[in-house]
Amino acid sequence: MASRGSKQRQPLLHSPTPTAANGGGAAGRRRFLSFLAVTAALVASYHLLVPTNSSHYHALFLSLGSNATAAAHLRALTLRPHVAGTEANAAAARYVLHAFSSLSFPAHITPYSVLLSYPVHRSLSLAAAPGLAARPFSLVQETYEGDPYAEAAAEVLPTYFAYSGSGSVTAEVVYANYGHNEDYAYLASRGVDVAGKVALVRYGDIHCEDMVRNARAAGAAASIVYTDAKDFGGSAAKGEKRKWFPDARWLPPTGVQVGTLYYGNGDPTTPLWPSCAAGDDCERLSMEELDGSEAMPGIPALPVSARDGETILKAMGGDVAPPKWQGGEGAPVYRLGPGPAVLNLTYIANETLATIENVFAVIEGKEEPDRYVIIGNHRDAWTFGAIDPNSGTAAMLEIAERLSKLQAKGWRPRRTIILCSWDAEEFALIGSTEWAEENMDTLASRAIAYLNVDISVFGPGGLRPRATPQLDELIREASKMVPDPDEPSQTLYDTMMRYHPPITRVAGAGTDFAAFVQHIGVPSLDMSYGLFEEYPVYHSLYDDYVWVERFGDPLFHRHVAVASVWGLIALKLADDEIIPFNYVSYASELEECTKDIVDKCKGFPVSFSPLQKSIKQLESAATKIYKEKKLLQAENWSLKTRQYTLKVREMNDRLMMAERAFTNREGLAGRPWYKHMIYASSDQDDWGTKAFPGIVSAMDKAKKSNTTETWRSLQHEIYRVARAVSKASAVLDGKLT
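Being a predicted model, the structure only gives us computed values, none of them experimental. (Residues numbered from 1 in each chain as written. Predicted model: local features only at pLDDT ≥ 70, side-chain atom pairs only at ≥ 80, totals over all residues. Heavy atoms only, no water.)

**Side note on the pattern of salt bridges**
Phase 1 of the analysis: One pass over the structure, following the stated rule, counts 35 salt bridges.
Phase 2 of the analysis: Arg 649 is the partner of Glu 368 in a salt bridge, and the nearest nitrogen-oxygen pair spans 3.0 Å. Note that Glu 368 is positioned in strand β10 (residues 368-378) and Arg 649 in helix α23 (residues 642-657), a separation of 281 residues in sequence.
Phase 3 of the analysis: For Glu 368, a relative accessible area of 6% puts it in the buried group.
Phase 4 of the analysis: Notably, a salt bridge pairs Asp 653 with Arg 371, separated by 3.1 Å at the nearest N-O pair. Of this pair, Asp 653 sits in helix α23 while Arg 371 is found in strand β10, placing the two residues 282 residues apart along the sequence.
Phase 5 of the analysis: In this structure Arg 371 comes out as buried when scored by relative accessible area, which is 8%.
Phase 6 of the analysis: Each of Glu 368, Asp 370, Arg 371, Arg 414, Arg 415, Arg 649 and Asp 653 takes part in one network of salt bridges that share partners. (Salt bridge = Lys/Arg side-chain N within 4 Å of Asp/Glu carboxyl O. Helix = DSSP H or I, 4+ residues; strand = E, 2+ residues; numbered from the N terminus. Buried < 20%, exposed > 50% of the residue type's maximum accessible area, 1.4 Å probe, protein only.)

Right, here's the structure in full:
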């Protein structure tokens, strides 16, 4: 049956009736049988002769957005807190599985048994000076009057850091600002000794695992991380009281931002290899081996609220902290310490093997079922997870419903689309990492791209994509097709281009793209709408449906806009005959990044000419394949023959595999899991983005030590990156040397 609104396709050829005029006799019958054979062959290849009008389906996809669908999914997913490994998160997995299955998509769950970390006991008390009575902290995030989730809030785990060291510490406090290494260097320059003390640091610049790691390196016996009202509590007009949730978007004074301290990706017991389901046998590190690992924090640490942080700061003495280290209006004077305040911290963890569940739906491709476009979002949350991550889950399920409607209209993707709901992302990107490690070789040969949305909406602020550079052009073109929900007269592209750069890079280990791009070399993107600064309730009790409904996205039109551009990018990658990658921008990006590093190394005994030469090769190869693509698309292939099909497949293979060539089997120095030579997190900031991470790390070490050996190491890293870029050029070129 023809799709509604489309014309009935007419047969290409009409079968003639055999008569004497057609030759008659045995010769005529032979000609007629030959004609039937040709006609049968043409009919068999009909889908090649008449290309599918995919643009019609893409336009239809954009018209099917539903605010109500996104809102309904979000409400259902966030009724209870759902930390990985709990019964509530298993229920959330079943919800997603049912949502996929009800759309007639083949769906399944893949479980893994992995090491998760939960609190058994924690306590914190403050004495104004040694020997004085200690005042205990309640360490409770308070609900508010009329909170519809007050009863469910009782299920929220006590505030803690996953994988924190267990133990008891009684010591004076030292204030270390945001916990950078530079902050500890400043304390040392002021004669403040951190060794054996409790380091008090505030959220803001780097993530908690880096803060605690830096505190340990400085010699601290424990660390307390608090959310400063200056950064998360908002401000008030003169003469007015500061407001917070539920009356404003800001974090309440008792709000606490929880997180993980594991400095790695995936199940801690199976680094560099996949875990397995419960009951199966797989190699694991012992707890003794883990406790001695650099990936574990090694000291007790605890997150606390702004109210508790200020209480500690009021009891501290020592020199006044610098102006940039101070709090906001109304805050006490911050001092460096140490003491006289003394903290008594006890934390006991339960680190146990627990089952996590990844949920998948598969829409099999018609022409190229062995090529995968992968859409992903994680499902687990520290509390209710309305923004992080279930704003992304709701958007993904809204995409799934639209794709189901396209199928009902006759659409099938050219390539296979896989929708993924990851588990245990909050602990260490565990679900996506284990699956990617388990399927690494298959993904390396078949994955076109990985498209991630962790958080679809922060609040106002426009579309904020980050991606590997060959996706830039596709992101720009797709964003031109979707109106900006906050400025309907503008497109997402119009508002995105106000920012510089409009598209940033996927590099840090902040979310589930890490395993795909960092470990395997799959072109990847992540996107969201709005600014992180508009979302101060991150990882706290207050990240619930009410906050979204009042502040994050009251009309759910931002959710739908993100789903539209996210889904359209997936459709273009799945349906376009030639994969819409453009590596010319990749070469330009690397050239700019190289200039920045060269400027920082002027006068030093290293040469960047190998890298600069390899980037010129990449530019040439990228330009060549871009022109080949345009020529192939422009040629008049009236019959799309086998030769044409092979040309397209060969070009797509080059476009798909070039990103893999940027990886190195041995990985980055000291960080073998990270195999991408171009983009990775900084070794000083697990969430930070660094181009040429191996070069940057070696450069920092060489500048600090200034030895022949460290400069030689830097030169080695330059050669390693140059070789990776040359490999990518060779793949794009498509010819052997």
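**Observations concerning the domain arrangement of the protein**
Phase 1 of the analysis: The domain architecture assigned to the protein consists of domain 1 (54-115 + 352-575), domain 2 (116-350) and domain 3 (583-733).
Phase 2 of the analysis: Computed from C-alpha coordinates alone, the two centres of domain 1 and domain 3 are separated by 27 Å.
Phase 3 of the analysis: Taken residue by residue, the interface counts 33 residues in domain 1 and 25 residues in domain 3.
Phase 4 of the analysis: Buried area between domain 1 and domain 3, summed over both chains or domains, comes out near 2,400 Å², and the portion from carbon and sulfur atoms is 53%.
Phase 5 of the analysis: The interface formed by domain 1 and domain 3 includes four salt bridges.
Phase 6 of the analysis: Linking domain 1 with domain 3 are 16 residue pairs in polar contact (both at pLDDT 80 or more). (Domains from an automatic or database assignment. Contact = heavy atoms within 4.5 Å. Buried area = accessible area lost by both parts, 1.4 Å probe. Polar contact = N/O pair within 3.5 Å; in protein donor to acceptor, adjacent residues only side chain to side chain.)

**Some points on the pairing of strand β12 (residues 447-452)**
Phase 1 of the analysis: Burial of β12 is extensive: six of the six residues sit out of reach of the surface.
Phase 2 of the analysis: Where β10 meets β12, five bridges bridge the pair, whose relative direction is parallel. Directly across from Ile 374, in β12, lies its bridge partner Tyr 450.
Phase 3 of the analysis: Across three bridges, β12 lies against strand β16 (residues 524-529) in parallel orientation. The residue bridging Asn 452 from the neighbouring strand is Asp 526, located in β16. (Pairing = 2+ DSSP bridges.)

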